Amino acid sequence: LLEAEGIVAIHPRSGIQFVKPGLELTRSTYQYRSILERAATAVYAQTADEAELAELERRHLLTFEAVEREGLTDPIKAEIEALETALHQSVIASLSNPLIESAYKRLHNYVRLIRLDRKVTTPLILQSLREHIQVIRACRARDPEAAAAAMQVHLTTALQRGLGLYLSY
């Protein structure tokens, strides 16, 4: 299945090789992700449970402060990954569409592959957390246009990080 998805190459009698993501795979992955998540974020802003949003914001703020204070320790990295998953999967789940959820799971495999070569630094993590907080706050304000725009900014900078371009907004 991973070979069919283009994630690995299987070489008989010599092993399995992860495919190194290039410019086209990275661009395509983030373009597809952007199409799905922009629309889903607008729905999420209108339908998400207030307690869930408040908890996501609280956890993001605590993690942001921890990164500033302690840097990128293993427990903090684990929480960052959990927050990434919690926000993005909640956004996609808001559509209540099993076809989109299935496609998103496959898309997430590409994102994970792209991130294997990504340099993770404290400033980049803080920028990503800030972007998440902006999405969450727009959702808490029940502003679907602002939420979708904040998600677009986040995914655009994620694409830039995936391509090795470190720009700040």
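Residues numbered from 1 in each chain as written. Predicted model: local features only at pLDDT ≥ 70, side-chain atom pairs only at ≥ 80, totals over all residues. Heavy atoms only, no water.

Asks: Please clarify how the overall build of the protein chain should be interpreted in this entry.
Replies: Secondary structure summary: the protein chain contains six helices and two strands in total. Secondary structure of the protein chain in N-to-C order comes out as β-β-α-α-α-α-α-α. In terms of overall size, the protein chain behaves like a compact globule, its C-alpha atoms giving a radius of gyration of 17 Å where 169 residues would be expected to give roughly 15 Å. Taken along the three principal axes of its C-alpha coordinates, the protein chain extends 55 × 40 × 25 Å. In the protein chain, which comprises 169 residues, the proportion classed as buried is 40%. When contacts within the protein chain are restricted to residue pairs at least 6 apart in sequence, long-range pairs at least 24 apart make up 74% of them. A total of about 9300 Å² of accessible surface is found on the protein chain, and carbon and sulfur atoms cover 58% of it. (Helix = DSSP H or I, 4+ residues; strand = E, 2+ residues; numbered from the N terminus. Rg over C-alpha atoms; globule rule 2.2 N^0.38 Å. Buried < 20%, exposed > 50% of the residue type's maximum accessible area, 1.4 Å probe, protein only. Contact = heavy atoms within 4.5 Å. Areas by Shrake-Rupley, 256 points an atom, 1.4 Å probe, with all protein chains shown as cover.)

Asks: Sorry if this is basic, but what is going on with the environment of Glu-55 here?
Replies: If you trace the backbone, Glu-55 turns up in helix 2 (residues 50-70). Given a relative accessible area of 33%, Glu-55 falls into the partly exposed group. In this structure, the C-alpha to C-alpha distance between Glu-55 and Gln-152, residues 97 residues apart in sequence, is 22 Å.

Asks: What am I meant to see in helix 3 (residues 74-93) here?
Replies: Since one α-helical turn is 3.6 residues long, residues separated by three or four positions face the same way. Look at helix 3: 28 Å from first C-alpha to last across 20 residues, which is about the 28 Å you get at 1.5 Å a residue. Every buried residue of helix 3 is listed here: Ile-76, Ile-80, Leu-83, Glu-84, Leu-87, His-88, Ser-90, Val-91 and Ile-92. On its buried face, helix 3 sits against helix 1 (23-47), helix 2, helix 4 (98-115), helix 5 (122-140) and helix 6 (144-162). (Expected span 1.5 Å × (residues − 1).)

Asks: Explain the nonpolar core to me, please; I cannot follow it from the model alone.
Replies: Most often, soluble globular proteins have nonpolar side chains that are buried together. Judged by nonpolar contacts, the single largest core of 20 residues is most densely connected at Tyr-44, Val-91 and Cys-139. Looking at this core, the elements with two or more residues in it are helix 1, helix 2, helix 3, helix 4, helix 5 and helix 6. Dropping the residues within four chain positions of it, Tyr-44 is found in contact with Glu-52, Leu-53, Leu-56, Ser-90, Val-91, Ser-94, Cys-139 and Arg-142. Core analysis: the next-biggest nonpolar cluster, separate from the first, contains nine residues, Phe-64, Ala-66, Leu-83 and Ile-125 among them. (Core = buried A, V, L, I, M, F, W, Y, C linked by side-chain atoms within 4.5 Å.)

Asks: Sorry, what's going on with the side chain of Glu-37 here?
Replies: Along the polypeptide, Glu-37 turns up in helix 1. Side-chain polar atoms of Glu-37 contact the side chain of Tyr-104, separated by 2.8 Å. When neighbours within four sequence positions are excluded, Glu-37 is seen to be in contact with His-88, Val-91, Ile-92, Tyr-104, Met-151 and Leu-155. (Polar contact = N/O pair within 3.5 Å; in protein donor to acceptor, adjacent residues only side chain to side chain.)

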